[in-house]
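Report on the structure
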Amino acid sequence: MVQHVLYINGIQKCLKQHTEFNHKKPTECAFGKMFYADIKPKLDAFPKNKQDVIHELEQTHTAFHNAALRISHDNPDIEAAKQDAWLYSSKLINLLNGLEKM
């Protein structure tokens, strides 16, 4: 979860400084590297209820990255892109918290 928060902070810093953020693919960010190396390959070892959350987590993480890619000073619809990214970010954190409590 910390990796995701750091990624968000990087985007916000670039927005404030009017610089471009070096976006990464979902498999390239720190969270994605951990997810695809440590969790996804072991999916079958988890109970069904956790597997369902892990699938949703993966979809939400990818949706977050797709929304974050649209956050650019060149995008006239930047506010909608930020809103989408923050929505997926919140959902991702909630899923992670829920998974941790299972």
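Everything in this summary refers to the structure shown in the same document.

Describing the overall build of the protein
Scanning the protein from N- to C-terminus turns up four helices and zero strands. Each helix and strand of the protein, placed in order from N terminus to C terminus, yields the pattern α-α-α-α. Considering only contacts in the protein between residues 6 or more positions apart, those separated by 24 or more positions represent 60%. If you sum the accessible surface of the protein, you get close to 6,300 Å²; carbon and sulfur atoms cover 54% of it. Charge centroids of the protein, computed over 13 positive and 12 negative side chains, lie 5 Å from each other.

Digging into unusual backbone geometry
Even without being a glycine, histidine 18 presents a positive backbone phi close to 55°. Structurally, histidine 18 can be placed in the loop between α1 (2–17) and α2 (30–39).

Regarding the side chain of glutamate 58
Within the secondary structure, glutamate 58 sits in helix α3 (residues 48–69). Within the local environment of glutamate 58, its side chain forms a polar contact with the side chain of tyrosine 36, the two groups lying 2.9 Å apart. Side-chain polar atoms of glutamate 58 contact the side chain of lysine 40, separated by 2.6 Å. Setting aside residues no more than four positions away along its own chain, glutamate 58 makes contact with Phe35, Tyr36 and Lys40.

Topic: the packing of α1 against helix α4 (residues 78–101)
Geometrically, a packed helix pair is captured by the angle between its two axes and the distance between the axes. Across the interface, α1 lies against α4 with an axial gap of 11 Å and an inter-helix angle of 165°. Looking at the two axes, α1 sits roughly antiparallel to α4. Two packed elements cross with a definite hand, and for α1 against α4 that hand is left-handed. Two secondary-structure elements touch here, α1 through His4, Val5, Ile8, Ile11, Gln12 and Leu15 and α4 through Ile78, Lys82, Trp86, Ser89, Leu92 and Ile93. In terms of residue class, the contact of α1 with α4 is made up of eight nonpolar, three polar and one charged.

With respect to the pattern of salt bridges
Throughout the structure, instances matching the rule amount to five salt bridges. Lysine 40 is the salt-bridge partner of glutamate 58, the closest N and O atoms lying 2.6 Å from each other. Residue glutamate 58 is located in helix α3, and its partner lysine 40 is located in the loop between α2 and α3; the two are separated by 18 residues in the primary sequence. Given a relative accessible area of 18%, glutamate 58 falls into the buried group. For lysine 82, the salt bridge identified is with glutamate 79, shortest N-O distance 3.1 Å. Placement of the pair is lysine 82 and glutamate 79 together in helix α4, with a separation of three residues, close to one helical turn. Residue class for glutamate 79 comes out exposed when judged on its relative accessible area of 53%.

Procedures and definitions
- Residues numbered from 1 in each chain as written.
- Predicted model: local features only at pLDDT ≥ 70, side-chain atom pairs only at ≥ 80, totals over all residues.
- Heavy atoms only, no water.
- Helix = DSSP H or I, 4+ residues; strand = E, 2+ residues; numbered from the N terminus.
- Contact = heavy atoms within 4.5 Å.
- Areas by Shrake-Rupley, 256 points an atom, 1.4 Å probe, with all protein chains shown as cover.
- Lys, Arg positive; Asp, Glu negative; His and termini not counted.
- Charge placed at Lys NZ, Arg CZ, Asp CG, Glu CD.
- Polar contact = N/O pair within 3.5 Å; in protein donor to acceptor, adjacent residues only side chain to side chain.
- Axes fitted to C-alpha atoms, helices over the stretch in contact; angles between N-to-C directions.
- Parallel < 35°, antiparallel > 145°, perpendicular 65-115°, else oblique.
- Left-handed = near helix turned anticlockwise from the far one by under 90°.
- Nonpolar A, V, L, I, M, F, W, Y, C, P; charged D, E, K, R; others polar.
- Salt bridge = Lys/Arg side-chain N within 4 Å of Asp/Glu carboxyl O.
- Buried < 20%, exposed > 50% of the residue type's maximum accessible area, 1.4 Å probe, protein only.

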